Amino acid sequence: MKAAFMAQRFQVDGRLVTVEATGSGNVNDTYLVTFRTIFSEERFILQRINTRVFTQPDKVMNNMRLVTAHVHAHLEAEQDDADRIWQLPRVIPAKDGKDYAVDSDGECWRAISLIASAHSYEQVQSPEHAHEIGAVLGQFHRLISDMPCDVLHDTLPGFHITPTYLEKLDAALATACGKARLNSGVAQNCLKFIEERREWCSVLEKAKERGELHLRTIHGDPKTANVMIDDMTGKGTSIIDLDTVKPGLVHYDIGDCLRSCCNPAGEETKDFASIIFDTDLCEALLKGYKTHARNFLTDADRHYLYDATRLIAFELGLRFFADYLAGDVYFKTRHEGQNLHRARAQLQLTKSIEMREKTIRELFNML
Ligand code: GN1
Ligand code: MG
(Lines give C-alpha, C1' and ligand atoms only; values in the text may rest on other atoms or scores of the structure.)
(Ligands and ions follow the chains in the order given, each with its own letter.)
Protein backbone atom coordinates (compact mmCIF):
# COMPACT_ATOMS: atom_id res chain seq x y z
CA MET A 1 0.00 0.00 0.00
CA LYS A 2 1.34 3.41 -1.06
CA ALA A 3 0.55 5.14 2.26
CA ALA A 4 2.47 2.52 4.26
CA PHE A 5 5.46 2.90 2.00
CA MET A 6 5.36 6.71 2.19
CA ALA A 7 4.89 6.70 5.98
CA GLN A 8 8.44 5.36 6.24
CA ARG A 9 9.94 8.30 4.37
CA PHE A 10 9.69 10.63 7.37
CA GLN A 11 11.85 11.27 10.43
CA VAL A 12 10.03 9.06 12.93
CA ASP A 13 11.71 6.55 15.26
CA GLY A 14 10.81 2.88 15.36
CA ARG A 15 8.99 0.52 13.03
CA LEU A 16 5.71 1.04 11.18
CA VAL A 17 2.82 -0.85 12.83
CA THR A 18 -0.40 0.48 11.26
CA VAL A 19 -1.71 2.96 8.70
CA GLU A 20 -5.44 3.71 8.85
CA ALA A 21 -7.47 6.07 6.70
CA THR A 22 -8.92 8.81 8.89
CA GLY A 23 -10.62 12.21 8.66
CA SER A 24 -13.33 13.53 6.42
CA GLY A 25 -11.44 16.00 4.22
CA ASN A 26 -13.02 16.92 0.91
CA VAL A 27 -9.68 17.51 -0.80
CA ASN A 28 -6.64 15.61 0.63
CA ASP A 29 -6.36 11.96 1.78
CA THR A 30 -5.49 11.54 5.45
CA TYR A 31 -4.06 8.58 7.40
CA LEU A 32 -3.28 7.91 11.05
CA VAL A 33 0.09 6.16 11.30
CA THR A 34 1.53 4.27 14.28
CA PHE A 35 5.24 3.56 14.75
CA ARG A 36 6.64 1.55 17.67
CA THR A 37 10.06 1.45 19.29
CA ILE A 38 11.14 -1.10 21.91
CA PHE A 39 9.94 1.19 24.68
CA SER A 40 7.28 3.47 23.20
CA GLU A 41 4.95 4.36 20.37
CA GLU A 42 4.51 7.39 18.13
CA ARG A 43 1.38 8.23 16.16
CA PHE A 44 1.27 10.89 13.49
CA ILE A 45 -0.82 12.15 10.57
CA LEU A 46 0.19 11.33 7.01
CA GLN A 47 -1.48 13.15 4.13
CA ARG A 48 -1.43 12.89 0.38
CA ILE A 49 -1.76 16.45 -0.87
CA ASN A 50 -4.26 16.82 -3.68
CA THR A 51 -2.10 18.55 -6.27
CA ARG A 52 -5.08 19.17 -8.58
CA VAL A 53 -6.18 21.69 -5.93
CA PHE A 54 -2.84 22.64 -4.39
CA THR A 55 -0.74 22.91 -7.53
CA GLN A 56 2.30 24.25 -5.63
CA PRO A 57 2.66 21.99 -2.58
CA ASP A 58 6.10 23.45 -1.78
CA LYS A 59 4.46 26.83 -1.21
CA VAL A 60 1.69 25.31 0.91
CA MET A 61 4.34 23.69 3.09
CA ASN A 62 6.37 26.89 3.24
CA ASN A 63 3.33 28.81 4.52
CA MET A 64 2.63 26.08 7.02
CA ARG A 65 6.20 26.18 8.34
CA LEU A 66 6.17 29.96 8.74
CA VAL A 67 2.83 30.04 10.54
CA THR A 68 3.59 27.12 12.85
CA ALA A 69 7.01 28.60 13.76
CA HIS A 70 5.38 31.94 14.54
CA VAL A 71 2.60 30.42 16.64
CA HIS A 72 4.86 27.95 18.46
CA ALA A 73 7.18 30.80 19.49
CA HIS A 74 4.24 32.72 20.98
CA LEU A 75 2.81 29.64 22.70
CA GLU A 76 6.15 28.80 24.29
CA ALA A 77 6.63 32.33 25.54
CA GLU A 78 3.13 32.43 27.03
CA GLN A 79 2.75 28.89 28.32
CA ASP A 80 3.44 29.51 32.02
CA ASP A 81 0.56 31.98 32.22
CA ALA A 82 -1.83 30.22 29.83
CA ASP A 83 -5.15 28.74 30.99
CA ARG A 84 -4.32 25.47 29.22
CA ILE A 85 -1.70 23.94 26.94
CA TRP A 86 -2.66 25.35 23.56
CA GLN A 87 -1.32 23.25 20.72
CA LEU A 88 -0.62 23.43 17.01
CA PRO A 89 0.67 20.50 14.94
CA ARG A 90 4.21 20.65 13.61
CA VAL A 91 5.51 19.52 10.26
CA ILE A 92 7.58 16.32 10.54
CA PRO A 93 10.43 16.50 8.02
CA ALA A 94 11.10 13.78 5.48
CA LYS A 95 14.29 11.76 5.90
CA ASP A 96 15.99 13.98 3.31
CA GLY A 97 15.10 17.05 5.40
CA LYS A 98 12.41 18.33 3.02
CA ASP A 99 8.89 19.32 4.08
CA TYR A 100 7.27 16.63 1.98
CA ALA A 101 8.11 13.47 0.04
CA VAL A 102 7.23 12.66 -3.56
CA ASP A 103 6.19 9.11 -4.57
CA SER A 104 6.88 7.25 -7.81
CA ASP A 105 3.70 8.69 -9.39
CA GLY A 106 4.75 12.25 -8.54
CA GLU A 107 2.21 12.52 -5.69
CA CYS A 108 3.17 14.64 -2.67
CA TRP A 109 2.97 13.34 0.89
CA ARG A 110 3.57 15.09 4.19
CA ALA A 111 3.67 14.12 7.85
CA ILE A 112 2.24 16.20 10.68
CA SER A 113 2.33 15.64 14.43
CA LEU A 114 -0.85 14.29 16.06
CA ILE A 115 -2.80 16.31 18.60
CA ALA A 116 -3.23 13.37 20.99
CA SER A 117 -6.04 12.75 23.51
CA ALA A 118 -8.26 15.12 21.55
CA HIS A 119 -10.88 14.83 18.82
CA SER A 120 -12.67 16.97 16.33
CA TYR A 121 -16.34 16.56 15.42
CA GLU A 122 -18.16 16.78 12.12
CA GLN A 123 -21.06 18.61 13.73
CA VAL A 124 -21.35 20.90 16.71
CA GLN A 125 -22.35 19.03 19.89
CA SER A 126 -23.52 21.78 22.28
CA PRO A 127 -23.25 25.52 23.03
CA GLU A 128 -20.16 24.72 25.13
CA HIS A 129 -18.62 23.11 22.06
CA ALA A 130 -19.47 26.21 19.99
CA HIS A 131 -17.85 28.37 22.69
CA GLU A 132 -14.65 26.34 22.44
CA ILE A 133 -14.65 26.50 18.65
CA GLY A 134 -14.87 30.29 18.93
CA ALA A 135 -12.14 30.33 21.59
CA VAL A 136 -9.77 28.30 19.39
CA LEU A 137 -10.35 30.56 16.37
CA GLY A 138 -9.96 33.71 18.50
CA GLN A 139 -6.76 32.40 20.02
CA PHE A 140 -5.36 31.49 16.59
CA HIS A 141 -6.28 34.92 15.20
CA ARG A 142 -4.62 36.62 18.15
CA LEU A 143 -1.47 34.55 17.73
CA ILE A 144 -1.13 35.37 14.03
CA SER A 145 -2.34 38.98 14.29
CA ASP A 146 1.26 40.24 14.42
CA MET A 147 2.41 38.12 11.48
CA PRO A 148 2.63 40.18 8.28
CA CYS A 149 0.69 38.35 5.60
CA ASP A 150 2.95 39.42 2.75
CA VAL A 151 5.54 36.80 3.79
CA LEU A 152 3.00 34.10 2.81
CA HIS A 153 2.39 32.77 -0.67
CA ASP A 154 -1.03 32.94 -2.27
CA THR A 155 -1.29 29.17 -2.61
CA LEU A 156 -4.86 29.14 -3.92
CA PRO A 157 -5.53 32.24 -6.03
CA GLY A 158 -9.20 33.20 -5.92
CA PHE A 159 -9.88 31.21 -2.73
CA HIS A 160 -12.85 32.83 -0.91
CA ILE A 161 -13.08 35.52 -3.56
CA THR A 162 -16.73 34.82 -4.28
CA PRO A 163 -16.97 36.39 -7.78
CA THR A 164 -14.32 33.94 -9.05
CA TYR A 165 -16.67 31.07 -8.19
CA LEU A 166 -19.41 32.73 -10.25
CA GLU A 167 -16.98 32.66 -13.17
CA LYS A 168 -16.45 28.94 -12.56
CA LEU A 169 -20.22 28.45 -12.47
CA ASP A 170 -20.64 30.27 -15.79
CA ALA A 171 -17.87 28.19 -17.35
CA ALA A 172 -19.44 24.95 -16.09
CA LEU A 173 -22.88 26.00 -17.37
CA ALA A 174 -21.42 26.33 -20.86
CA THR A 175 -20.21 22.70 -20.99
CA ALA A 176 -22.17 19.65 -22.13
CA CYS A 177 -21.82 18.12 -18.65
CA GLY A 178 -23.09 21.33 -17.04
CA LYS A 179 -26.08 21.51 -19.36
CA ALA A 180 -26.97 17.88 -18.73
CA ARG A 181 -26.62 18.19 -14.95
CA LEU A 182 -28.74 21.33 -14.83
CA ASN A 183 -31.62 19.21 -15.99
CA SER A 184 -33.39 18.72 -12.64
CA GLY A 185 -35.73 20.78 -10.49
CA VAL A 186 -33.22 20.84 -7.62
CA ALA A 187 -30.39 22.10 -9.84
CA GLN A 188 -32.65 24.72 -11.43
CA ASN A 189 -33.68 25.98 -7.98
CA CYS A 190 -30.06 26.22 -6.86
CA LEU A 191 -29.20 28.24 -9.95
CA LYS A 192 -32.14 30.58 -9.41
CA PHE A 193 -31.15 31.15 -5.77
CA ILE A 194 -27.58 31.96 -6.83
CA GLU A 195 -28.60 34.25 -9.69
CA GLU A 196 -30.76 36.32 -7.33
CA ARG A 197 -27.63 37.07 -5.28
CA ARG A 198 -25.13 37.58 -8.10
CA GLU A 199 -24.73 41.34 -7.64
CA TRP A 200 -24.43 41.21 -3.85
CA CYS A 201 -21.71 38.57 -3.79
CA SER A 202 -18.89 41.07 -4.49
CA VAL A 203 -19.65 42.84 -1.21
CA LEU A 204 -16.42 41.95 0.60
CA GLU A 205 -14.22 42.32 -2.47
CA LYS A 206 -15.62 45.80 -3.10
CA ALA A 207 -15.00 46.81 0.52
CA LYS A 208 -11.45 45.53 0.10
CA GLU A 209 -11.00 47.57 -3.11
CA ARG A 210 -12.30 50.68 -1.36
CA GLY A 211 -9.65 50.17 1.32
CA GLU A 212 -12.20 49.52 4.08
CA LEU A 213 -10.98 45.97 4.69
CA HIS A 214 -7.38 44.76 4.69
CA LEU A 215 -5.62 41.52 4.02
CA ARG A 216 -4.06 39.67 6.94
CA THR A 217 -2.89 36.18 7.75
CA ILE A 218 -5.89 33.84 7.96
CA HIS A 219 -6.54 30.14 8.50
CA GLY A 220 -8.87 29.80 5.52
CA ASP A 221 -10.81 26.71 6.68
CA PRO A 222 -11.79 26.99 10.37
CA LYS A 223 -14.73 24.60 10.18
CA THR A 224 -16.02 22.55 13.11
CA ALA A 225 -14.09 19.46 11.98
CA ASN A 226 -10.82 21.43 12.10
CA VAL A 227 -11.01 22.32 15.78
CA MET A 228 -9.56 19.80 18.23
CA ILE A 229 -11.31 19.39 21.58
CA ASP A 230 -9.39 17.93 24.53
CA ASP A 231 -10.94 14.55 25.49
CA MET A 232 -10.23 15.13 29.19
CA THR A 233 -11.44 18.69 29.68
CA GLY A 234 -13.83 19.34 26.77
CA LYS A 235 -11.84 22.51 26.07
CA GLY A 236 -10.49 23.51 22.69
CA THR A 237 -6.81 22.77 22.30
CA SER A 238 -5.80 23.29 18.67
CA ILE A 239 -6.85 24.27 15.21
CA ILE A 240 -5.69 21.87 12.50
CA ASP A 241 -5.54 21.76 8.67
CA LEU A 242 -3.17 24.61 7.88
CA ASP A 243 -3.35 24.06 4.10
CA THR A 244 -5.06 27.33 3.46
CA VAL A 245 -3.12 29.70 5.75
CA LYS A 246 -2.46 32.62 3.47
CA PRO A 247 -3.33 36.29 3.02
CA GLY A 248 -7.08 36.91 3.19
CA LEU A 249 -9.82 38.77 5.02
CA VAL A 250 -10.53 37.83 8.64
CA HIS A 251 -14.16 37.77 7.46
CA TYR A 252 -13.56 34.62 5.48
CA ASP A 253 -12.51 32.86 8.70
CA ILE A 254 -15.26 34.19 10.95
CA GLY A 255 -17.89 33.59 8.26
CA ASP A 256 -16.66 30.05 7.60
CA CYS A 257 -16.46 29.15 11.27
CA LEU A 258 -20.00 30.40 11.88
CA ARG A 259 -21.55 28.78 8.82
CA SER A 260 -20.05 25.47 9.87
CA CYS A 261 -20.56 25.57 13.64
CA CYS A 262 -24.04 27.14 13.79
CA ASN A 263 -25.57 24.49 11.53
CA PRO A 264 -26.07 21.50 13.86
CA ALA A 265 -27.39 19.38 10.97
CA GLY A 266 -23.94 19.46 9.34
CA GLU A 267 -22.80 19.71 5.75
CA GLU A 268 -23.81 16.27 4.54
CA THR A 269 -27.44 16.03 5.65
CA LYS A 270 -30.17 15.42 3.10
CA ASP A 271 -32.84 16.42 5.59
CA PHE A 272 -32.83 19.95 4.22
CA ALA A 273 -35.73 21.11 6.37
CA SER A 274 -33.57 20.49 9.46
CA ILE A 275 -30.93 22.99 8.36
CA ILE A 276 -31.04 26.17 10.39
CA PHE A 277 -28.53 28.77 11.50
CA ASP A 278 -28.76 28.50 15.29
CA THR A 279 -28.28 31.96 16.79
CA ASP A 280 -27.70 30.55 20.33
CA LEU A 281 -24.71 28.67 18.98
CA CYS A 282 -23.63 31.85 17.20
CA GLU A 283 -23.75 33.75 20.49
CA ALA A 284 -21.75 31.04 22.29
CA LEU A 285 -19.14 30.96 19.52
CA LEU A 286 -18.71 34.75 19.51
CA LYS A 287 -18.37 34.81 23.31
CA GLY A 288 -15.59 32.23 23.05
CA TYR A 289 -13.96 34.16 20.21
CA LYS A 290 -14.03 37.37 22.20
CA THR A 291 -12.27 35.88 25.21
CA HIS A 292 -9.10 35.63 23.12
CA ALA A 293 -9.49 37.95 20.15
CA ARG A 294 -9.69 41.53 21.26
CA ASN A 295 -8.38 44.77 19.88
CA PHE A 296 -7.74 43.84 16.31
CA LEU A 297 -11.22 44.04 14.79
CA THR A 298 -11.98 47.52 13.48
CA ASP A 299 -15.45 49.10 13.17
CA ALA A 300 -15.29 48.46 9.44
CA ASP A 301 -14.43 44.80 10.14
CA ARG A 302 -17.46 44.46 12.41
CA HIS A 303 -19.68 46.22 9.89
CA TYR A 304 -19.11 43.45 7.31
CA LEU A 305 -19.39 40.43 9.60
CA TYR A 306 -23.05 39.77 8.87
CA ASP A 307 -22.39 39.90 5.13
CA ALA A 308 -19.40 37.61 5.64
CA THR A 309 -21.48 34.99 7.44
CA ARG A 310 -24.16 35.02 4.77
CA LEU A 311 -21.54 35.14 2.02
CA ILE A 312 -19.34 32.23 3.07
CA ALA A 313 -22.35 29.90 3.41
CA PHE A 314 -23.58 31.12 0.01
CA GLU A 315 -20.11 30.80 -1.49
CA LEU A 316 -19.69 27.20 -0.34
CA GLY A 317 -23.10 26.40 -1.82
CA LEU A 318 -21.99 28.03 -5.06
CA ARG A 319 -18.68 26.14 -5.01
CA PHE A 320 -20.38 22.76 -4.50
CA PHE A 321 -22.95 23.57 -7.18
CA ALA A 322 -20.38 24.72 -9.76
CA ASP A 323 -18.35 21.58 -9.05
CA TYR A 324 -21.42 19.38 -9.49
CA LEU A 325 -22.07 20.99 -12.88
CA ALA A 326 -18.39 20.65 -13.83
CA GLY A 327 -18.52 16.89 -13.15
CA ASP A 328 -17.18 16.71 -9.54
CA VAL A 329 -13.61 17.66 -10.35
CA TYR A 330 -12.64 19.50 -7.13
CA PHE A 331 -14.45 18.10 -4.08
CA LYS A 332 -14.16 14.36 -3.51
CA THR A 333 -17.51 12.56 -3.67
CA ARG A 334 -18.62 9.15 -2.42
CA HIS A 335 -21.94 8.98 -4.19
CA GLU A 336 -23.72 10.42 -7.19
CA GLY A 337 -25.26 13.83 -6.70
CA GLN A 338 -23.34 14.45 -3.44
CA ASN A 339 -22.07 17.88 -4.49
CA LEU A 340 -25.62 18.88 -5.49
CA HIS A 341 -26.90 17.82 -2.04
CA ARG A 342 -24.06 19.70 -0.36
CA ALA A 343 -24.88 22.79 -2.43
CA ARG A 344 -28.54 22.59 -1.53
CA ALA A 345 -27.66 22.33 2.19
CA GLN A 346 -25.44 25.43 2.14
CA LEU A 347 -27.98 27.44 0.15
CA GLN A 348 -30.68 26.42 2.61
CA LEU A 349 -28.36 27.60 5.39
CA THR A 350 -27.87 30.91 3.56
CA LYS A 351 -31.63 31.37 3.51
CA SER A 352 -31.81 30.67 7.23
CA ILE A 353 -29.07 33.26 7.86
CA GLU A 354 -31.00 35.81 5.79
CA MET A 355 -34.13 35.19 7.86
CA ARG A 356 -32.18 35.88 11.08
CA GLU A 357 -30.33 38.95 9.85
CA LYS A 358 -31.43 41.29 12.64
CA THR A 359 -30.48 38.92 15.49
CA ILE A 360 -27.14 38.02 13.90
CA ARG A 361 -26.24 41.68 13.34
CA GLU A 362 -27.01 42.39 17.01
CA LEU A 363 -24.78 39.53 18.13
CA PHE A 364 -21.82 41.02 16.26
CA ASN A 365 -22.12 44.15 18.40
CA MET A 366 -20.60 42.20 21.28
CA LEU A 367 -17.24 41.85 19.48
C1 GN1 B 1 -12.71 21.71 1.86
O2 GN1 B 1 -10.66 19.51 2.36
P3 GN1 B 1 -11.34 20.14 3.52
O4 GN1 B 1 -12.45 19.27 3.96
O5 GN1 B 1 -10.38 20.54 4.61
C6 GN1 B 1 -12.42 23.09 1.28
C7 GN1 B 1 -12.98 24.18 2.19
C8 GN1 B 1 -14.45 23.95 2.43
C9 GN1 B 1 -14.65 22.55 3.04
C10 GN1 B 1 -16.10 22.24 3.28
C11 GN1 B 1 -8.96 23.79 -0.05
O12 GN1 B 1 -11.96 21.54 3.03
O13 GN1 B 1 -12.79 25.45 1.58
O14 GN1 B 1 -14.99 24.93 3.29
O15 GN1 B 1 -14.10 21.58 2.14
N16 GN1 B 1 -10.97 23.26 1.14
C17 GN1 B 1 -10.43 23.69 -0.01
O18 GN1 B 1 -16.20 21.10 4.04
O19 GN1 B 1 -11.11 23.99 -0.97
MG1 MG C 1 -9.09 22.23 4.60
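Residues numbered from 1 in each chain as written. Chains lettered and ligands numbered in written order. Predicted model: local features only at pLDDT ≥ 70, side-chain atom pairs only at ≥ 80, totals over all residues. Heavy atoms only, no water.

**Q** Sorry, what's going on with the overall build of the protein here?
**A** Looking only at helices and strands, one finds 13 helices and 11 strands in the protein. Relative to the globule expectation of 21 Å for 367 residues, the C-alpha radius of gyration of the protein, 20 Å, shows essentially globular dimensions. A principal-axis box enclosing the C-alpha atoms of the protein has dimensions of 60 × 50 × 40 Å. Total accessible area computed for the protein in this model is approximately 16,400 Å², and 50% of it derives from carbon and sulfur atoms. Charge-centre separation for the protein: the mean point of 44 positive side chains lies 3 Å from the mean point of 53 negative side chains. (Helix = DSSP H or I, 4+ residues; strand = E, 2+ residues; numbered from the N terminus. Rg over C-alpha atoms; globule rule 2.2 N^0.38 Å. Areas by Shrake-Rupley, 256 points an atom, 1.4 Å probe, with all protein chains shown as cover. Lys, Arg positive; Asp, Glu negative; His and termini not counted. Charge placed at Lys NZ, Arg CZ, Asp CG, Glu CD.)

**Q** When you look at the nonpolar core in this model, what are you seeing that I'm missing?
**A** One recurring pattern in soluble globular proteins is that nonpolar side chains are buried together. Residues Leu169 and Phe321 are the most contacted members of the largest nonpolar core, which totals 97 residues. Counting residues per element, this core draws most heavily on helix α11 (residues 305-326), at 14 residues. Shared between two domains, this core holds at least three residues of each, these being domain 1 (1-54 + 89-114) and domain 2 (115-364). In this structure, Leu169 is in contact with Leu191, Ile194, Arg198, Leu318, Phe321, Ala322 and Leu325, ignoring residues within four places of it in sequence. (Core = buried A, V, L, I, M, F, W, Y, C linked by side-chain atoms within 4.5 Å. Buried < 20%, exposed > 50% of the residue type's maximum accessible area, 1.4 Å probe, protein only. Domains from an automatic or database assignment. Contact = heavy atoms within 4.5 Å.)

**Q** Would you explain the coordination of the magnesium ion (ligand 2) in this entry?
**A** Around a metal, the idealised angle for a tetrahedral arrangement of four donor atoms is 109.5 degrees; for an octahedral arrangement of six donor atoms it is 90 or 180 degrees. Those donors, Asp221 (OD) and Asp241 (OD), are the protein atoms that reach the magnesium ion (ligand 2), and they lie 2.0 Å from it. A residue pair is termed long-range when its members are at least 10 positions apart, and Asp221 in the loop between β8 (216-218) and β9 (227-230) and Asp241 in the loop between β10 (236-239) and β11 (246-248) qualify at 20 residues. (Donors = N, O, S within 2.8 Å, 3.2 Å for Na, K, Ca; no water.)

**Q** It is not clear to me how the pattern of salt bridges should be interpreted in this structure. Could you clarify?
**A** Pairing between side chains becomes possible if they bear opposite charge and their charged atoms approach one another. For the structure shown, the criterion picks out 31 salt bridges. With a closest N to O distance of 2.8 Å, Asp243 and Arg110 form a salt bridge. Separated by 133 residues along the polypeptide, Asp243 in the loop between β10 and β11 and Arg110 in strand β6 (residues 108-113) bring together distant segments of the chain. Taking the relative accessible area as the measure of exposure, Arg110 reaches 1% and is therefore buried. A salt bridge links Glu362 to Lys358; the nearest nitrogen and oxygen atoms lie 3.2 Å apart. Taken together, the residues span about one helical turn, with Glu362 and Lys358 both in helix α13 (residues 357-364) at a distance of four residues. Taking relative accessible area as the criterion, Lys358 reaches 62% and is therefore assigned exposed. It is possible to trace a salt-bridge network through shared partners that takes in Lys192, Glu196, Arg197, Arg310 and Glu354. (Salt bridge = Lys/Arg side-chain N within 4 Å of Asp/Glu carboxyl O.)

**Q** Please clarify how the site of ligand 1 should be interpreted in this entry.
**A** Around ligand 1 sit 17 residues in total, of which Asp221, Lys223, Glu267, Arg319 and Tyr330 are the nearest. Contact with the protein chains removes 95% of the 440 Å² of surface that ligand 1 exposes when unbound. Broken down by secondary-structure element, the contributors of at least two residues to the shell around ligand 1 are α8 (250-261) and α11. Two domains each put at least three residues into the shell around ligand 1: domain 1 (1-54 + 89-114) and domain 2 (115-364). (Near = heavy atom within 4 Å.)

**Q** How do you make sense of the packing of aromatic side chains when you look at a structure like this?
**A** How two aromatic rings sit relative to each other is given by the distance of their centres and the angle of their planes. Applying the stated rule across the entire model yields five aromatic pairs. Summarising the aromatic geometry, the rings of Tyr330 and Phe331 are spaced 4.8 Å apart at their centres and angled 65° between planes, so their arrangement reads as edge-to-face. Overall, Phe331 belongs to the buried group, its relative accessible area being 7%. Joined through ring pairs, the aromatic side chains of Phe320, Tyr330 and Phe331 make up one cluster. (Phe/Tyr/Trp six-rings, centres within 6.5 Å; stacked < 30°, edge-to-face > 60°.)

**Q** Help me understand the domain arrangement of the protein, please; the structure alone is not making it clear to me.
**A** Frequently, the measure chosen for interface size is the accessible area removed from exposure when the parts meet. Partitioning the protein into structural domains gives domain 1 (1-54 + 89-114) and domain 2 (115-364). Between the C-alpha centres of domain 1 and domain 2 the distance comes to 28 Å. Domain 1 puts 14 residues into the contact, and the matching count from domain 2 is 19 residues. Here domain 1 packs against domain 2, burying approximately 1,300 Å² in sum over the two surfaces, 46% of which is carbon and sulfur. (Buried area = accessible area lost by both parts, 1.4 Å probe.)

**Q** Explain the sheet that holds strand β7 (residues 118-119) to me, please; I cannot follow it from the model alone.
**A** Strands in a sheet are paired, the pairing made by backbone hydrogen bonds, and the direction either parallel or antiparallel. Taken together, the three strands give an open sheet; going across it, the order is β7-β9-β10, and neighbouring strands pair in antiparallel fashion. Looking along the sheet, the strands with just one partner apiece sit at the ends: β7 and β10. Of the pairings in the sheet, the one linking β7 to β9 comprises two bridges and is antiparallel in character. Along β9, the bridge assignment pairs His119 with Ile229. Those strands touched by helix α3 (residues 127-144) are β9 and β10, and its axis lies near 50° from that of β10. (Pairing = 2+ DSSP bridges. Axes fitted to C-alpha atoms, helices over the stretch in contact; angles between N-to-C directions.)

**Q** How should the environment of His153 be read in this particular structure?
**A** Relative to the assigned elements, His153 resides in the loop between α3 and α4 (162-173). Under the relative-accessibility criterion, His153 is labelled partly exposed at 28%. Between the C-alpha atoms of His153 and Gln56, which are 97 residues apart in sequence, the distance is 9.9 Å. Not counting the four nearest positions on each side in its chain, His153 is found in contact with Lys59, Asn62, Asn63, Lys246 and Pro247.

**Q** Explain α13 here, please?
**A** An α-helix turns once every 3.6 residues. As a result, residues three or four positions apart point the same way. All of the buried residues in α13 are Ile360, Leu363 and Phe364. The buried side chains of α13 occupy one side of the element, clustering within an arc of 100° when seen end-on. Where α13 is buried, its residues touch α8, α9 (279-292), α10 (299-303), α11 and α12 (338-355). (Arc of directions from axis to C-beta.)

**Q** It is not clear to me how the packing of α11 against α12 should be interpreted in this structure. Could you clarify?
**A** Two numbers describe a pair of packed helices, the interaxial angle and the distance between the axes. Their axes nearest at 7 Å, the elements α11 and α12 cross at an angle of 160°. Looking at the two axes, α11 sits roughly antiparallel to α12. Like other packed secondary-structure pairs, α11 and α12 cross with a definite hand, here left-handed. Across from Tyr306, Thr309, Arg310, Ala313, Phe314, Leu316, Gly317, Leu318, Phe320, Phe321, Asp323 and Tyr324 in α11, the residues of α12 making contact are Asn339, Leu340, Arg342, Ala343, Gln346, Leu347, Leu349, Thr350, Ile353 and Glu354. Its residues assigned to classes, the contact of α11 with α12 comprises 13 nonpolar, five polar and four charged. (Parallel < 35°, antiparallel > 145°, perpendicular 65-115°, else oblique. Left-handed = near helix turned anticlockwise from the far one by under 90°. Nonpolar A, V, L, I, M, F, W, Y, C, P; charged D, E, K, R; others polar.)

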